[in-house]
Amino acid sequence: MKNDVSLALVAGEASGDMLAARLLAGLRPHLPQARFHGIGGPRMIEQGMVSDVPMDTLTVRGLFEVIPRYPELKRIQSRLRDRLIAERPSAFIGADYPGFNLGLEEQLRAAGIPTVHFIGPQIWAWRGGRIKKIQRAVSHMLVIFPFEEAIYREAGVPVTYIGHPLAETIPLVPDVAAARRALGLHPDARVVTVMPGSRMGELKYLAEPFIRAVKLLGARDPGLTFVVPMVGERQRAYFDELVVQAGLQDVELQVTAAGSHTAIAAADAVLVASGTATLEVALFKKPMVIAYKVMAASYAIMRHMGYQPWIGLPNILAREFLVPELIQHAASPEAMADAVWAQLQDAAGRDRLAGRFLEMHHSLLRDSARESAEAVLKVIGRDAHVSREPT
């Protein structure tokens, strides 16, 4: 019997690529001949998805920053909508990227195509009015934080809590010694990992103040070692140029392509841009200082749209300020350096944080590939307990 399952997916950023890849890994044993296609990144492609448009085409950050890109993004969305309505996939799965995916999902669902959104938009943080659109657009919501399930259920949106994939990939007890060996660091070095973001939009606002904070910290303690994980030749060239301009020749700084997880595991403290990376740092049980900067006009609007005082995922999950958040003008090099220095000097505080982050890790730990795959299989009417389909 021919397998007629076709699933369309869209991810617009690296975090969505990672989440959707876990879902595809869970689906493939049940749907060995299914066709996965749409827009995705390298991890989704590794799982056998065909990406019709490079994922980087969709990547944009901020509110006003999207305006010049809007016509292009709208054309991509419209072309994809028309093609999928003609093809009639078994389901459409939007991996995060709600500004693009929810609009597409609303149109596809109205045309009779089941839609799954993965992960739930952060309506608990800001733009709560979006729930009306979600009710129209989403056949089934997959959420990665435990408190989200009740929010969507109360709104009448079918929902499944699947745990956070990062909680599975990051060990409960990180191997600091192995990470330092991989980076060629001394076992007893005091290490600060610096993560100003992976996208050019983030680097534009955060790289220069992060580098200045590094210079200030290096002046306080010349024995500090700084590690900067950096992916992409363009990003690295931009960052390296700023390092030269800042005159950091007396600072022990290593820009590495070894990967963010190795760099985080090796750290005593982390200076990190707000986003998914903050959760990674928490799961590695590391103290951190979170910073966030965007275009001034974007921030002027966004600051009035939030429903809670936190922006960093570890603080949101804890419902308190476990770690400092420095936002917009508050994210000065001096403030960041002071906050990181305070964490380096507070061994007892680092131990307390590690304990809280371990509790957080356990709360997020599920078999996300299995849970998400079973939810999608139910949406398309397939039996999740059948390991292979006849051919």
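It should be emphasised that the depicted structure is a prediction, and the values quoted were computed from it without experimental measurement.

J.: Could you give an account of the overall build of the protein, naming the residues involved and the relevant values?
T.: Of regular secondary structure, the protein possesses 17 helices and 13 strands. Split into buried and exposed, the 391 residues of the protein put 53% on the buried side. For the protein, contacts bridging at least 24 residues in sequence account for 69% of all contacts bridging at least 6. Summing over all exposed atoms, the protein offers an accessible surface of approximately 16,800 Å²; the carbon and sulfur share of this is 54%.

J.: Help me get a handle on helix α15 (residues 333–344), residues and values and all.
T.: Relative to the 16 Å expected for twelve residues at 1.5 Å per residue, α15 spans 16 Å between its end C-alpha atoms, a close match to the ideal helical length. Within α15, the full set of buried residues consists of Pro 333, Met 336, Ala 337, Ala 339, Val 340, Gln 343 and Leu 344. In an axial view of α15, the angular spread of the buried residues amounts to 165 degrees, which keeps them on one side of the axis.

J.: So what's going on with the environment of Val 143? Which residues, and what values?
T.: Looking at the secondary structure, you find Val 143 in strand β6 (residues 140–143). For Val 143, a relative accessible area of 0% puts it in the buried group. Each C-alpha atom, one on Val 143 and one on Ile 119, is 5.1 Å from the other, the two residues being 24 residues apart in sequence. Dropping the residues within four chain positions of it, Val 143 is found in contact with Gly 120, Glu 148, Glu 149, Tyr 152, Val 159, Thr 160, Tyr 161, Ile 162 and Gly 163.

J.: So what's going on with the pairing of strand β12 (residues 288–292)? Residues and values would help.
T.: Remark: a regular strand shows side chains that alternate across the two faces of the sheet. With five of its five residues buried, β12 lies for the most part within the structure. Of the two faces of β12, the one carrying Met 288, Ile 290 and Tyr 292 and the one carrying Val 289 and Ala 291 are both buried. Two elements, strand β11 (residues 269–273) and β12, share four bridges in a ladder whose sense is parallel. Considered in β12, the bridge of Leu 271 is made with Val 289. On the question of chirality, the crossover connecting β11 to the parallel β12 by way of helix α12 (residues 276–283) is right-handed. Of the strand pairs in this sheet, β12 and strand β13 (residues 325–327) are connected by three bridges, and their pairing is parallel. Note on β13: the bridge partner recorded for Tyr 292 is Ile 327.

J.: Can you tell me about the nonpolar core, naming the residues and giving the values?
T.: Ranked by internal contacts, the top residues of the largest apolar core, which has 77 residues, are Leu 7, Leu 9, Leu 27, Phe 118, Met 288 and Leu 364. Broken down by element, the residue count for this core peaks at seven residues, all from helix α1 (residues 14–27). Both domain 1 (6–163 + 366–380) and domain 2 (176–364) contribute no fewer than three residues apiece to this core. Sequence-distant contacts of Leu 9, that is, excluding residues within four places in its chain, are made with Ala 20, Leu 24, Phe 36, His 37, Gly 38, Ile 39, Met 44, Met 49, Phe 92 and Ile 93. Counting 34 residues, the second-largest nonpolar core is a separate cluster that includes Phe 210, Phe 239, Ala 273 and Ala 291.

J.: An account of the sheet that holds strand β10 (residues 252–256) is needed here, citing residue identities and associated values.
T.: With respect to topology, six strands assemble into an open sheet ordered β10-β9-β8-β11-β12-β13, the strand pairing being parallel. Looking at the sheet topology across the chains shown, the edges are occupied by β10 and β13. For this sheet, the mean inter-axis angle between neighbouring strands, taken without regard to orientation, is 15 degrees.

J.: Tell me about the side chain of Ser 15, and name the residues and values.
T.: Relative to the assigned elements, Ser 15 resides in helix α1. Excluding anything up to four places from it in sequence, Ser 15 contacts Asp 96 and Thr 276.

J.: Could you give an account of the sheet that holds strand β5 (residues 115–118), naming the residues involved and the relevant values?
T.: Strand order in the open sheet formed by seven strands is β3-β2-β1-β4-β5-β6-β7, and the pairing between neighbours is parallel. The open sheet has two edge strands, β3 (50–51) and β7 (159–161), and neither has a second partner. The sheet contact formed by β6 and β7 spans three bridges and is parallel. Counterpart to Met 141 in the pairing with β7 is Val 159. Of the strands in this sheet, β1 (6–11), β4 (91–95) and β5 touch helix α4 (residues 98–110), which is tilted by about 165 degrees from β5.

J.: Break down helix α3 (residues 70–87) for me, citing the residues and quoting the values.
T.: For α3, which comprises 18 residues, the first-to-last C-alpha distance of 25 Å matches the rise-based estimate of 26 Å (1.5 Å per residue) to within 8%. Contacts made by the buried residues of α3 are with β1, β2 (35–39), β4 and α4. One or two positions beyond α3, positive phi appears at Arg 88, with a value near 60 degrees.

J.: Would you mind going over the pairing of strand β8 (residues 190–195) in detail, with residue names and values included?
T.: Among the six residues of β8, five are classified as buried, and the element is accordingly described as predominantly covered. Pairing of β8 with strand β9 (residues 224–229), which is carried by four bridges, proceeds in the parallel orientation. When the bridges of β9 are listed, Arg 190 appears paired with Leu 224. In this region the chain leaves β8, passes through helix α9 (residues 200–220) and returns to the parallel neighbour β9; the handedness of that crossover is right-handed. Here β8 runs beside β11; their pairing, made up of four bridges, is parallel. Pairing of Met 195 across the sheet is with Val 272, part of β11.

J.: Help me get a handle on the pattern of salt bridges, residues and values and all.
T.: Counted according to the given criterion, the structure contains 17 salt bridges. The shortest N-O distance in the salt bridge between Arg 370 and Asp 367 comes to 3.7 Å. Classification of Arg 370 as partly exposed rests on a relative accessible area of 41%. A single salt-bridge network, built from bridges that share partners, covers Arg 35, Asp 52, Arg 83 and Glu 87.

Rules behind the numbers
Residues numbered from 1 in each chain as written. Predicted model: local features only at pLDDT ≥ 70, side-chain atom pairs only at ≥ 80, totals over all residues. Heavy atoms only, no water. Helix = DSSP H or I, 4+ residues; strand = E, 2+ residues; numbered from the N terminus. Buried < 20%, exposed > 50% of the residue type's maximum accessible area, 1.4 Å probe, protein only. Contact = heavy atoms within 4.5 Å. Areas by Shrake-Rupley, 256 points an atom, 1.4 Å probe, with all protein chains shown as cover. Expected span 1.5 Å × (residues − 1). Arc of directions from axis to C-beta. Pairing = 2+ DSSP bridges. Right-handed = clockwise from strand over helix to strand, strands pointing away. Core = buried A, V, L, I, M, F, W, Y, C linked by side-chain atoms within 4.5 Å. Domains from an automatic or database assignment. Axes fitted to C-alpha atoms, helices over the stretch in contact; angles between N-to-C directions. Salt bridge = Lys/Arg side-chain N within 4 Å of Asp/Glu carboxyl O.

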